[in-house]
Amino acid sequence: MRMYEISKQIVMEAYEKVKANKGAAGVDNVTLADFEKDLKNNLYKIWNRVSSGSYFPPPVRMVEILKSDGKTRRLGIPTVADRVAQMVAKIYLEPQIEPHFHEDSYGYRPKKSAHQAISVTRKRCWKYDWAIDLDIKGFFDNLDHELVMRAVEKHTDCKWLLLYIRRWLKAPMEITAGQIQERTKGTPQGGVISPLLANLFLHYAFDKWMKVNHSQNPFERYADDIVVHCKAQEEAELLLRAIEKRLNDCKLELHPDKTQIVYCKDDNRGGNFPQTKFDFLGYTFRPRLVKGHGGECFVGFTPAISDKAARTIGQKMREWRLQSRCGGSLENIVEEFNSVIRGWITYYGRFQKSALYPIFETLNTRLAKWAKRKYKRLKGSDKRAMQWVERIAAKQPNMFAHWQAGIIYASGR
């Protein structure tokens, strides 16, 4: 018996979105390919159970992702079927919530992007002398379930949405095979519905509170990454204490070592202060030499790829082990890695693209080492191998994405 009216067409749409997002198997080890083998029946089961009120989400599979600081981040991976069910809920709920979100909330929202957040941050750092770089400690792991539900209930009284969101919040986590951990707080980072719930939580915990109480201090928020702007140091110190209290009231905690007040130093701002840089969305904002429209050089407070992101890219390139691929062709390397290279350039090349030159010069060096192993005539000579790369880049500049983008050598050769 159906208790709730849920469209079969929406269930199919949800599956298409889940499929486009790809993702690993959950606790049942069913991949997207496995799920698709009996697609019609699998989607019918989801629709039938969600419609009847009898859908209970299985545990999420816990995986640990190594962070750049050597620590790990826990992700919770739902099953494919559960991702489809969550996507159904998101399709119904998001249009009710989205119009209420703050214009400076950029994460996981339609027609919003990280680049927009970075661009706005850059402009405001020119206007405001001080920035507060906020880091919420274990944000996704510490969301209070009752506060989340109170936020959801402000926007919908749909019984099935409220029923299943509460069940997803409380779904246990499989730590290892057979070891289940109950959850009393948090929402799995990796779940389909989690980003929407996280945004809604911070809309009330932070965005709306800032608009009511500190409207003179603009901010940019991408999920739980937040930068707030201030005119003066004293203002920043007072505001930071107020934000800390507000988040504590919402059962969240600022990371004491990662949260900082930053002086946005440039040619027009004197004085010496201990902290003059911060990271936001893979970019480091700091004083750096830039060229104006008229060709003049000056020190501006601007973003470029962060050292952390550059190290991550370097580590990824090492993992490719190009030198051990000399049995294949250069075209094979292009086919396997060019889309990744293009993705890096698209994201990190938007601001201060020249900061990418050393990274991709290293890639060219690795290609030269590959050529040394591949071709006998190049063995024993780094210079000849590098000249070979130069010739290929000159003849076929569109072969690799970094050549196409004009990022060939930091030396300008």
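What counts as what
Residues numbered from 1 in each chain as written. Predicted model: local features only at pLDDT ≥ 70, side-chain atom pairs only at ≥ 80, totals over all residues. Heavy atoms only, no water. Helix = DSSP H or I, 4+ residues; strand = E, 2+ residues; numbered from the N terminus. Buried < 20%, exposed > 50% of the residue type's maximum accessible area, 1.4 Å probe, protein only. Areas by Shrake-Rupley, 256 points an atom, 1.4 Å probe, with all protein chains shown as cover. Contact = heavy atoms within 4.5 Å. Core = buried A, V, L, I, M, F, W, Y, C linked by side-chain atoms within 4.5 Å. Pairing = 2+ DSSP bridges. Axes fitted to C-alpha atoms, helices over the stretch in contact; angles between N-to-C directions. Phe/Tyr/Trp six-rings, centres within 6.5 Å; stacked < 30°, edge-to-face > 60°. Lys NZ or Arg CZ within 6 Å of the ring centre and 35° of its normal.

### Structural notes on the overall build of the protein
Inference 1: Helices and strands together make up the secondary structure of the protein, namely 15 helices and eleven strands.
Inference 2: Based on the C-alpha atoms only, the size of the protein along its principal axes is roughly 75 × 60 × 35 Å.
Inference 3: Every one of the 413 residues in the protein was classed for burial, and the buried ones make up 48%.
Inference 4: When the accessible surface of the protein is split by element, carbon and sulfur atoms take 49% of a total near 21200 Å².

### Quick notes on the side chain of His214
Inference 1: Within the secondary structure, His214 sits in the loop between α9 (194–213) and β6 (219–222).
Inference 2: If we skip the residues at most four places from it in the chain, His214 touches Trp209, Leu239 and Ala242.

### Quick word on the nonpolar core
Inference 1: In terms of nonpolar packing, the biggest core is built from 69 residues, with Leu134, Phe139, Trp160, Phe206, Val228 and Ile243 touching the most fellow members.
Inference 2: Examining the composition of this core, we find that eleven residues originate from one element, α9, more than from any other.
Inference 3: Not counting the four nearest positions on each side in its chain, Phe139 is found in contact with Ala198, Phe201, Leu202, Asp224 and Leu252.

### Comments concerning the sheet that holds strand β3 (residues 130–135)
Inference 1: Pairing in this open sheet of four strands is antiparallel, and the strands run β6-β7-β3-β8 from one edge to the other. Pairing within the sheet leaves two strands with one partner each, and these edge strands are β6 and β8 (260–263). When strand polarity is set aside, the average angle formed by the axes of neighbouring strands in this sheet is 20°.
Inference 2: Looking at chain direction, β3 and strand β7 (residues 225–230) are connected through six bridges and run antiparallel. Bridge assignment links Asp133 to a residue of β7, and that residue is Val227.
Inference 3: In the packing of α9 onto the sheet, the strands contacted are β3, β6 and β7, and the crossing angle to β6 comes to about 175°.

### Focus: the packing of aromatic side chains
The relative placement of two aromatic rings is captured by the distance of their centres and the angle of their planes.
Inference 1: If you walk through the whole model with that rule in mind, you get 24 aromatic pairs.
Inference 2: Note on Phe278 and Phe301: the rings are 6.1 Å apart at their centroids and 40° apart in plane angle, and the pair reads as tilted. Here Phe278, found in strand β9 (residues 278–280), pairs with Phe301, found in strand β11 (residues 297–305); they are 23 residues apart in sequence, far enough to count as distant. Per residue, the accessibility class of Phe278 equals that of Phe301, and both read buried.
Inference 3: Measuring from centroid to centroid gives 6.0 Å for Tyr283 and Tyr348, while their planes differ by 40°, and the two rings are tilted. Here Tyr283, found in strand β10 (residues 283–291), pairs with Tyr348, found in helix α12 (residues 330–348); they are 65 residues apart in sequence, far enough to count as distant.
Inference 4: The ring of Trp47 has Lys8 sitting right over it, with the charged end atom 4.6 Å from the ring centre.

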